[in-house]
Protein chains: 2
Amino acid sequence: MILSPAPYIDHTLLRPEATSVQIRALCEEAVEHGFAAVCIPPVFVPLAADLLYGSEVALATVVGFPFGYCSPAVKAFEAAKAVAEGAREIDLVIHLGAALEGRLEAVEEEIRGVVRASSGAKVKVILECSALDDPLKEALTLRVVASGAAFVKTSTGFGAGGASVHDVRLLARAAQGRIGVKASGGIRDLAILKELVDAGATRIGTSSGARIMDEWHREGGK
Amino acid sequence: MILSPAPYIDHTLLRPEATSVQIRALCEEAVEHGFAAVCIPPVFVPLAADLLYGSEVALATVVGFPFGYCSPAVKAFEAAKAVAEGAREIDLVIHLGAALEGRLEAVEEEIRGVVRASSGAKVKVILECSALDDPLKEALTLRVVASGAAFVKTSTGFGAGGASVHDVRLLARAAQGRIGVKASGGIRDLAILKELVDAGATRIGTSSGARIMDEWHREGGK
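Structure report, in brief. (Residues numbered from 1 in each chain as written. Chains lettered and ligands numbered in written order. Predicted model: local features only at pLDDT ≥ 70, side-chain atom pairs only at ≥ 80, totals over all residues. Heavy atoms only, no water.)

### Examining the sheet that holds strand E3 (residues 58-63) of chain A
Within a sheet, adjacent strands bond to each other through the backbone by hydrogen bonds, running parallel or antiparallel.
Move 1: As summarised here, the arrangement of the eight strands in space is E1-E2-E3-E4-E5-E6-E7-E8 (chain A), forming a closed barrel in which the pairing is parallel. The mean inter-strand angle of the sheet, taken between neighbouring strand axes irrespective of direction, is 25°. (Pairing = 2+ DSSP bridges. Helix = DSSP H or I, 4+ residues; strand = E, 2+ residues; numbered from the N terminus. Axes fitted to C-alpha atoms, helices over the stretch in contact; angles between N-to-C directions.)

### Overview of the relation of the copies chain A and chain B
Move 1: Superposing chain A onto chain B requires a rotation of 180° together with a translation of 0.0 Å along the rotation axis, leaving an RMSD of 0.0 Å. The transformation relating the two chain copies, once decomposed into turn and shift, fits a two-fold axis.
Move 2: Interface overlap between copies: 100% of the residues of chain A at the interface are likewise at the interface in chain B, consistent with a symmetric, same-surface contact. (Least-squares fit on C-alpha atoms with pLDDT ≥ 70 in both. Contact = heavy atoms within 4.5 Å.)

### Description of unusual backbone geometry
Residue and element names in this part refer to chain A.
Move 1: A cis amide bond links Phe 65 to the next residue, Pro 66, at an omega of 0°.
Move 2: Within the fold, Pro 66 resides in the loop between E3 and helix H3 (72-84).
Move 3: Although it is not a glycine, Gln 176 sits at a positive phi angle of roughly 50°.
Move 4: Of the residues examined, Gln 176 reaches a relative accessible area of 60% and is grouped as exposed. (Buried < 20%, exposed > 50% of the residue type's maximum accessible area, 1.4 Å probe, protein only.)

### A few points about the interface of chain A and chain B
Move 1: Across the boundary between the two partners, chain A contributes 31 residues, which contact 31 residues of chain B.
Move 2: Where chain A abuts chain B, roughly 2600 Å² becomes buried across the two surfaces, and 74% of that area is made up of carbon and sulfur atoms.
Move 3: The three residues of chain A that bury the most area against chain B are Pro 16, Phe 67 and Tyr 69 of chain A, which together make up 27% of that side's buried surface.
Move 4: Linking chain A to chain B there are zero salt bridges.
Move 5: Connecting chain A to chain B are six residue pairs in polar contact (both at pLDDT 80 or more). (Buried area = accessible area lost by both parts, 1.4 Å probe. Salt bridge = Lys/Arg side-chain N within 4 Å of Asp/Glu carboxyl O. Polar contact = N/O pair within 3.5 Å; in protein donor to acceptor, adjacent residues only side chain to side chain.)

### Description of the pattern of salt bridges
All names here are of chain A.
Move 1: In total, this model carries 38 salt bridges over all chains according to the counting rule given.
Move 2: Across the pair Asp 10 and Arg 203 runs a salt bridge whose closest N-O atoms are separated by 2.6 Å. Of this pair, Asp 10 sits in strand E1 (residues 9-12) while Arg 203 sits in strand E8 (residues 203-206), and the two are 193 residues apart along the sequence. For the pair Asp 10 and Arg 203, one class covers both residues: buried.

### What to know about the pairing of E3 of chain A
All names here are of chain A.
Move 1: Of all six residues that make up E3, six are buried, and the element is covered over most of its length.
Move 2: Burial of the side chains of E3 extends over both faces: Ala 58, Ala 60 and Val 62 are buried on one face and Leu 59, Thr 61 and Val 63 on the other.
Move 3: Across four bridges, strand E2 (residues 37-40) lies against E3 in parallel orientation. Bridging from a neighbouring strand, Val 38 pairs with Leu 59 of E3.
Move 4: You can see the chain leave E2, run along helix H2 (residues 45-52) and come back into E3, and the turn it takes is right-handed.
Move 5: Bridge count for E3 against strand E4 (residues 89-93) is four bridges, and the pairing is parallel. Note on E4: the bridge partner recorded for Val 63 is Leu 92. (Right-handed = clockwise from strand over helix to strand, strands pointing away.)

The quantities given are spatial measurements derived from coordinates; they are silent on function.
If you want it as structure tokens, here you go:
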């Protein structure tokens with residue numbers, strides 16, 4: 001028996017030109033395959049909430065995405081609004097500039113604000129690992145743990161690099177099982193998904209979920 | 001006499017990894033050269049407002065940047081907050097998905113909301129021309145004119161393409177002088193700046209302002 005990758009997958013469509021027709025199709029595929037969540041732009045949360053009502057698929061959206069440099073109050077407002085409209089998970093981009101300047105207290109405080117504003121919805125904190133060195137990735141993961149967020153996440157998928165086995169392993173080691181680890185960016189087939197799960201990823205953000213499920217079925221998955 | 005390009009230039013730093021040290025340098029350069037504005041991330045507006053106080057350089061920031069798909073209420077909140085903190089110009093990204101679906105009324109309504117929230121600050125509306133066909137660019141420019149915004153702008157600078165002479169000419173023709181036209185994306189030298197101004201651009205967004213001024217001085221500008 002080969003365990004299904006479906007419960008790991010955040011079925012994702014975050015391109016700026018995404019349309020409601022595409023969001024509709026994405027939600028239908030997520031329900032069909034039993035994915036963990038869909039991850040979609042905030043403006044489509046009301047639509048997706050209607051489409052996913054009664055299903056087990058979580059509705060995730062993004063806050064401060066993808067550049068992470070809007071002000072903390074705007075991020076908190078954006079999160080609160082999304083949750084009020086039906087989002088159950090919030091993928092939040094940190095302010096990378098503050099992290100690079102070593103102002104980690106400010107980064108943690110901002111995450112806390114979004115966690116509070118999210119009223120129990122799970123917050124996944126995106127670090128954009130391609131712009132950070134290893135000690136900073138580790139220090140930030142400890143801040144994410146302390147902030148009350150539910151996941152640390154490797155990348156926006158729109159930066160210079162995507163998820164790597166190295167980064168997932170590093171984040172998972174720092175998180176010590178106290179929060180989840182979401183890998184995202186450039187994950188396009190089942191082999192990579194398995195590698196990243198082996199390295200410690202508990203959630204996989206990808207726009208190739210349907211293709212990965214096809215592969216899994218061909219390999220003998222049920 | 002060669003007229004200076006300085007009053008056309010929005011001196012721009014919008015990379016996600018921008019730090020406060022870099023924002024400080026940008027503001028100092030803008031004052032030194034007499035640029036029209038600095039264009040910076042929202043989180044740095046309070047810092048830039050302090051630095052630019054008493055100068056003629058306008059403080060511009062971005063809303064819904066760069067993907068444009070946060071909800072209209074979040075865009076209005078982000079604009080109001082930025083203006084309260086000292087921003088005098090707001091570069092707003094439209095919801096591209098709505099535009100591509102032909103929901104131009106929704107696009108216009110969202111712009112109106114940001115214009116209202118901006119309390120007299122000039123709103124520049126970013127279309128991301130590389131994702132649109134010519135009739136849509138023209139129709140959207142008419143909507144921008146109708147919405148009460150002050151400028152239509154070609155690109156975020158982070159999409160598939162930057163400013164082109166073709167697009168600036170098209171937007172300027174549609175705007176008929178009733179609003180300004182800002183060209184941005186990939187403008188790195190004086191020759192391109194001149195071409196775009198000839199085509200109808202009234203403002204140039206670039207991160208190469210200092211270099212362009214050097215060129216201008218070498219050409220004999222005072």
